[in-house]
Amino acid sequence: RFENALQAYQYAAAYDPNSLDARKAVCQTHLKLNDAEAAVDVAWGMIGDLAKDSGMPLAAVQMGEELVKARRPEAALAIYGHLLEHHADNEATVWAQKNVCTMLIDAGDNAGAAAAVEALVTEFESVRTVPDSLKEIGDRYCSVGKYDSAMRAYQYAVAGDPNYLDAHKALCLTQLKLKDV
C-alpha cells in the first residue's frame, strides 16, 4: 500500500519538481516504509532544489520533526543547523531553533539547551512566534524536572509578550513547584 503511494508521490514530484507537498509526501512515505536513508536524501534534495522557495524552511522543519519521530535525530539536527545558517530570515526557522532546544533538553545537554535558548531569544527577538516557542521549551524543561530552566524560558516568553496569559500561568505554577522542591 505504501509502495503504491510512494510511486504516486514520486510521479507527482517528477511532474512538478517545485512542489513542496509532493516532496514532503515522498519523504514521509519513505519513513512509513522504514527507509530513513531515502527520506533523508529526499529532504536534502528538497532543501537544495527549493532553497529560494519561501515555504521550504517550514517544510524542512516538518521533515526534521518526522525524522526525530523515526529515531533519526542527527539528521534532523543537521537540517535544523542548515536552516539556522542559511535561512535565519524565515520565520519558520524559529521552530528549527525551538526543536534544537527541546532535543538538547531531552538529551540532557543542559549547557547546550541553555545556549540554544539564548540564541532563540537574541537572534529571533523580533519574530512574533518566539514567545510560543519559549513557552513550549519551558514546558519541556518542566517535563524533565528542570524547573529553574523552565522558569527562565517562561520569563523570556512573558518579556516577549506581556499579554501571554498561558506563559504567565506557567511561570506562576513553576514558581510554586520550586517552593515545594
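In what follows, the structure referred to is the one given above.
This structure is a prediction, so every number in the text was calculated from the model and none was measured.

**Quick word on the pattern of salt bridges**
So, point 1. Enumeration over the complete set of coordinates arrives at eight salt bridges.
So, point 2. Across the pair Lys69 and Glu66 runs a salt bridge whose closest N-O atoms are separated by 3.3 Å. Of this pair, Lys69 and Glu66 both sit in helix 4 (residues 56–69), three residues apart, which is roughly one turn of that helix.
So, point 3. In this structure, the salt-bridge partner of Glu74 is Arg72, at a minimum N-O distance of 2.4 Å.
So, point 4. One connected set of salt bridges, linked through shared partners, spans Glu37, Arg72 and Glu74.

**Description of the side chain of Lys98**
So, point 1. Structurally, the position occupied by Lys98 is in helix 6 (residues 93–106).
So, point 2. A relative accessible area of 8% means that Lys98 is categorised as buried.
So, point 3. A distance of 3.0 Å separates the side chain of Lys98 from the side chain of Glu136, its partner in a polar contact.
So, point 4. With sequence-adjacent residues up to four places away left out, Lys98 is seen in contact with Ser133, Glu136 and Ile137.

**Describing the packing of helix 3 (residues 36–49) against helix 5 (residues 73–86)**
So, point 1. Orientation of helix 3 relative to helix 5, taken along the N-to-C sense of each, is 5°, at an axis distance of 11 Å. With respect to helix 5, the element helix 3 is oriented roughly parallel. On the side of helix 3, the interface is formed by Val40, Ala43, Trp44 and Ile47, while helix 5 contributes Ala75, Ala78, Ile79 and His82.
So, point 2. In the contact of helix 3 with helix 5, the residues fall into seven nonpolar, one polar and no charged.

**Observations regarding the layout of surface pockets**
So, point 1. There is about 190 Å³ of room inside the largest pocket.
So, point 2. Every residue along the wall of the largest pocket is listed here: Glu65, Val68, Lys69, Tyr80, Lys98, Asn99, Thr102, Met103, Asp106, Glu136 and Arg140.
So, point 3. At the level of secondary structure, the elements contributing two or more residues to the lining of the largest pocket comprise helix 4, helix 6 and helix 8 (130–143).
So, point 4. Per element, the largest residue contribution to the lining of the largest pocket is five residues, and it comes from helix 6.
So, point 5. Here the lining of the largest pocket is composed, by residue class, of three nonpolar, two polar and six charged.

**Considering the packing of helix 4 against helix 5**
So, point 1. At their nearest, the axes of helix 4 and helix 5 sit 8 Å apart, and the two run at 160° to each other. Considering the angle they form, helix 4 stands roughly antiparallel to helix 5. The interaxial crossing formed by helix 4 with helix 5 has left-handed handedness. Contacts from Met56, Pro57, Ala60, Val61, Gly64, Glu65, Leu67 and Val68 in helix 4 reach Pro73, Ala75, Ala76, Ile79, Tyr80 and Leu83 in helix 5.

Analysis parameters
- Each chain carries its own residue numbering, running from 1 in the direction its sequence is written.
- Local features in this predicted model are restricted to residues whose pLDDT is 70 or higher, and side-chain atom pairs enter the listing and the counts only when it is 80 or higher, whereas totals over whole chains, interfaces and linings include all residues.
- The basis for the side-chain values is all heavy atoms of the structure; hydrogens and waters are excluded.
- The rule for a salt bridge is simple: a side-chain nitrogen of Lys or Arg has to be within 4 Å of a carboxyl oxygen of Asp or Glu.
- Secondary structure elements follow DSSP: runs of H or I no shorter than four residues count as helices, runs of E no shorter than two count as strands, and numbering proceeds from the N terminus.
- Think of it in three bands: residues with accessible area under 20% of the maximum for their type are buried, residues over 50% are exposed, and the middle band is partly exposed, with areas taken using a 1.4 Å probe on protein chains only.
- In protein, a polar contact requires one atom able to donate a hydrogen and another able to accept it; more generally it is a pair of N or O atoms within 3.5 Å, and residues adjacent in sequence count only if both atoms are side-chain atoms.
- Contacts: residue pairs with any heavy atoms within 4.5 Å of one another.
- Axes here mean lines fitted to C-alpha atoms, for a helix over just the part in contact, with angles spanning 0 to 180 degrees between N-to-C directions.
- When an angle is under 35 degrees it counts as roughly parallel; over 145 it counts as roughly antiparallel; between 65 and 115 it counts as roughly perpendicular; any other value is oblique.
- Each residue is assigned to one class: nonpolar for Ala, Val, Leu, Ile, Met, Phe, Trp, Tyr, Cys and Pro, charged for Asp, Glu, Lys and Arg, and polar for all the others, Gly among them.
- For each structure, a 1 Å grid was placed over the protein atoms alone; sets of points admitting a 1.4 Å probe that cannot get out are labelled cavities, open sets with protein on both sides within 12 Å along at least five of seven lines are labelled pockets, and lining residues have an atom within 4 Å of a point.
- Grid points are joined across faces, edges and corners, and a volume is the space filled by probe spheres set on the points.
- Left-handed describes a crossing whose near helix is turned anticlockwise from the far helix through less than a right angle; right-handed describes the clockwise counterpart.

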